[in-house]
Amino acid sequence: MADQTNHNQAGEVAPSTVDKQAPSVAEENAPSTDSPEATDLPTANAPDPKAANPETNPNAAKPTATPPKREKPAAAAKAAVGEKPAAATEEKPAAKAAKKEKAPSVEDKPFVEFIEQDYLPALQKAIAQQGVQDLQVSFAKQKLPITGFESAEECWQIIGSWKETGARQFNLYFPDEDIQGKKGFSCNEGKKPSTLESFLIDERKITLDLLVFGLVQRLDGQKWLGIN
């Protein structure tokens, strides 16, 4: 094969066409600047980011996702335009109507009024239901008819007696002029009583019904009611 190297007249070897083009090609693809600069030439280990498929190549350039915009909460949006939140505009519920005042009970009446208007009628009715039709009751402030208590002060008493026999009599005493205070009881048949008994002393609160029941029970224990 013939030698393709060119010789000049002086006998020196002239560079070939390939050698002349090599420096210019190197300069285009490898600039002489000291700082690194990206080129369009693909490397042996990294494929072209534009040509690579991002699903199969992890080194492929992926488009940057734009973060979604946050919407302002409704309350914040209203506050931004000067509107008050709904909760702030709601009126407070109306206060409940005041409870009706409880009517005073009969036991709260003045002592004398309670005895005359409520206790005596209820007592007579309860004793009549036991079969006694001739009971007479009165209410008076007087000395105790008990032996040994002649010097005692007068106190309010309920006096009950049977009209037909006239011998049976009972007294219910209220020395404190208060149904919640001290109470006493005595009974006799034709002669002056000698014993003063305590009456309903273990009850914390005395009511009309309890005061009626207590006396009816005591008289029944004396065998003065019904067929006794």
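Residues numbered from 1 in each chain as written. Predicted model: local features only at pLDDT ≥ 70, side-chain atom pairs only at ≥ 80, totals over all residues. Heavy atoms only, no water.

1. Digging into the pattern of salt bridges
For step 1, the next point in the chain: With the rule as written, the count across this model stands at 4 salt bridges.
For step 2, the next point in the chain: With a shortest N-O distance of 3.7 Å, glutamate 189 and arginine 168 are connected by a salt bridge. Of this pair, glutamate 189 sits in strand S6 (residues 184-189) while arginine 168 is found in strand S5 (residues 168-174), placing the two residues 21 residues apart along the sequence.
For step 3, the next point in the chain: Residue glutamate 189 is classed as partly exposed on the basis of its relative accessible area, which comes to 48%.
For step 4, the next point in the chain: As a salt-bridge pair, glutamate 197 and arginine 218 come within 2.8 Å of each other at their nearest N and O atoms. With glutamate 197 in strand S7 (residues 197-198) and arginine 218 in helix H5 (residues 208-221), this pair connects stretches of sequence that are 21 residues apart.
For step 5, the next point in the chain: Overall, arginine 218 belongs to the partly exposed group, its relative accessible area being 22%. (Salt bridge = Lys/Arg side-chain N within 4 Å of Asp/Glu carboxyl O. Helix = DSSP H or I, 4+ residues; strand = E, 2+ residues; numbered from the N terminus. Buried < 20%, exposed > 50% of the residue type's maximum accessible area, 1.4 Å probe, protein only.)

2. Some remarks on helix H4 (residues 111-128)
For step 1, the next point in the chain: Taking 1.5 Å per residue, 18 residues should reach 26 Å; H4 reaches 24 Å between its end C-alpha atoms and fits that length.
For step 2, the next point in the chain: Most pronounced at tyrosine 119, the bend in H4 amounts to some 40°, and the proline proline 121 follows within four residues.
For step 3, the next point in the chain: Restricting attention to buried positions, one finds in H4 the residues Phe111, Phe114, Ile115, Asp118, Tyr119, Leu120, Leu123, Ala126 and Ile127.
For step 4, the next point in the chain: Here the buried face of H4 lies against strand S3 (135-142), strand S4 (155-162), S5 and H5. (Expected span 1.5 Å × (residues − 1). Bend = angle between axes of the 7 residues up to and from the residue. Contact = heavy atoms within 4.5 Å.)

So, to be careful, I would describe these as geometric facts and stop short of saying anything about function.
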